[in-house]
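Structural overview
Listed below are the residues making up each chain.
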Amino acid sequence: MAFIELENLSHIHHAGEEGETVALSHINLSLSAGEFVAVLGTNGSGKSTLAKHLNAILLPTEGICRIDGMDTRDAAHLWDIRQEVSMVFQNPDNQIIAAVVEEDVAFGPENLGIPSIEIHRRVEASLRAVEMTAFRNFAPHLLSGGQKQRVAIAGALAMRTRCLVLDEPTAMLDPAGRKEVLTTVRELHRHAGITIVYITHFMEEAAAADRVLVMEKGRLVEDGPPRKIFQQVEQMKKRGLDVPLAAEIAWRLRRQGMIPLPEDIITDEELVTALCQ
């Protein structure tokens with residue numbers, strides 16, 4: 001059984017009212033536990049609306065969203081779903097509520113009534129997983145943007161989440177902060193087996209995923225491995241999206257007939273190796 005299942009899912013804002021808008025239209029999607037999936041699309045394509053269905057912030061207007069077999073429309077499963085799937089948003093300042101890092105990480109488990117000894121264990125393990133143990137007694141406002149996002153991720157891990165949904169988590173960060181967050185996410189996926197749904201505008205980040213979904217006008221229009229998706233340079237550009245710079249350079253060189261490069265290049269290292277050969 002799939003960990004996340006969407007069946008003919010549609011979402012209409014202000015359904016039945018004047019000015020209703022279709023945000024998602026007939027999405028069918030199945031994600032297995034342990035996958036790392038990147039979601040791409042221009043503004044208004046439905047990426048964030050899709051993400052908010054995965055932990056029942058939004059409910060389908062039509063169709064079904066199941067998380068580990070639990071229907072998000074069933075209120076009895078709400079807290080179970082939100083422990084299974086945690087959200088990390090674009091602005092880390094909107095997620096951090098405590099005056100000290102370790103207190104912020106402990107906030108979720110405390111609200112579940114978890115015993116203090118277990119909360120301590122979870123906080124220790126979560127901070128260690130995101131390499132923020134040394135900052136446990138810091139005030140969050142003293143941290144960099146990348147460090148704040150890692151604290152937000154630690155808070156999700158302390159809930160014993162099985163899936164992290166990250167909605168453009170690096171959009172407000174500098175390149176160093178973006179690298180910090182992506183490295184943390186990749187390590188959690190690789191070593192802890194956490195399912196990752198990663199919404200981004202940065203194509204190099206999407207290239208790190210196992211699978212890429214492309215959204216357009218509320219529909220899922222592409223679904224495949226990064227090498228397949230980023231070979232479609234012209235199609236992606238028609239959709240208002242980029243591809244990794246290495247993929248575009250290789251495509252331009254092939255199109256000009258200058259160098260017979262492989263069609264599946266997506267990283268700088270692969271491009272350099274191919275050019276040197």
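Owing to the predicted nature of the structure, the values given are computational and were not obtained by experimental measurement. (Residues numbered from 1 in each chain as written. Predicted model: local features only at pLDDT ≥ 70, side-chain atom pairs only at ≥ 80, totals over all residues. Heavy atoms only, no water.)

1. Quick word on the nonpolar core
As a rule of thumb, soluble globular proteins bury nonpolar side chains together. Quick note on the threshold: Grouping buried Ala, Val, Leu, Ile, Met, Phe, Trp, Tyr and Cys residues that are joined through side-chain atoms within 4.5 Å yields what is termed a nonpolar core. Classification of residues uses two cut-offs on accessible area relative to the type maximum, computed with a 1.4 Å probe and protein chains only: under 20% is buried, over 50% is exposed, and between them is partly exposed. Elements are defined by DSSP. Helices are runs of H or I of four residues or more, strands are runs of E of two residues or more, and each kind is numbered from the N terminus. Whether two residues are in contact is decided by their heavy atoms, any of which lying within 4.5 Å being enough.
The biggest cluster of nonpolar side chains holds 47 residues, and the ones touching the most others in it are Ile153, Leu164 and Phe230. Among the elements that take part in this core, helix H5 (residues 145-157) stands out by supplying 6 residues, more than any other. For Leu164, the residues in contact, after removing those within four places along its chain, are Ser86, Val88, Ile153, Ala156, Leu188, Ile194, Thr195, Ile196 and Val197.

2. What about the pattern of salt bridges?
Note the threshold: Only one rule defines a salt bridge in this text: a Lys or Arg side-chain nitrogen within 4 Å of an Asp or Glu carboxyl oxygen.
Counted by the stated rule, this structure contains 20 salt bridges. Here the residues in one salt-bridge network are Glu118, Arg121, Arg122 and Arg160, joined through shared partners.

3. Re helix H4 (residues 116-129)
Definition in use: Multiplying 1.5 Å by the helix residue count minus one yields the expected span of that helix. In this description, the arc belongs to the directions extending from the helix axis to the C-beta atoms.
Helix length check: H4, at 14 residues, gives a terminal C-alpha distance of 20 Å against a target of 20 Å (1.5 Å per residue), a fit within 8%. Listed as buried for H4 are Ile119, Arg122, Val123, Ser126 and Leu127. Here the buried residues of H4 occupy an arc of 120 degrees about the axis, which is enough to place them on one side. Turned more than 90 degrees from where H4 packs its buried face, Ile117, Arg121 and Arg128 sit exposed. Among the structural elements, helix H3 (101-111) and H5 are those in contact with the buried residues of H4. Just beyond H4, the residue with positive phi is Glu131, at close to 55 degrees.

4. Focus: H5
Its 13 residues place the ends of H5 19 Å apart at the C-alpha level, agreeing with the 18 Å of an ideal helix rising 1.5 Å per residue. Along H5, the residues classified as buried are Gly146, Gln147, Lys148, Gln149, Arg150, Val151, Ala152, Ile153, Ala154, Gly155, Ala156 and Leu157. Contacts from the buried residues of H5 go to strand E6 (85-88), H3, H4, strand E7 (163-167) and helix H6 (175-192).

5. Section: the sheet that holds strand E10 (residues 219-224)
Using the following cut-off: Paired strands are those between which DSSP finds at least two bridges. Axes here refer to lines fitted to C-alpha atoms; in helices the fit is confined to the stretch in contact. Angles between the N-to-C directions go from 0 to 180 degrees.
With respect to topology, 6 strands assemble into an open sheet ordered E6-E7-E8-E3-E9-E10, the strand pairing being mixed. Looking at which strands have only one partner, the edges of the open sheet turn out to be E6 and E10. Adjacent strand axes in the sheet meet at a mean angle of 20 degrees when their direction is disregarded. Lying over the sheet, H5 contacts E6 and E7, oriented at roughly 165 degrees with respect to E6.

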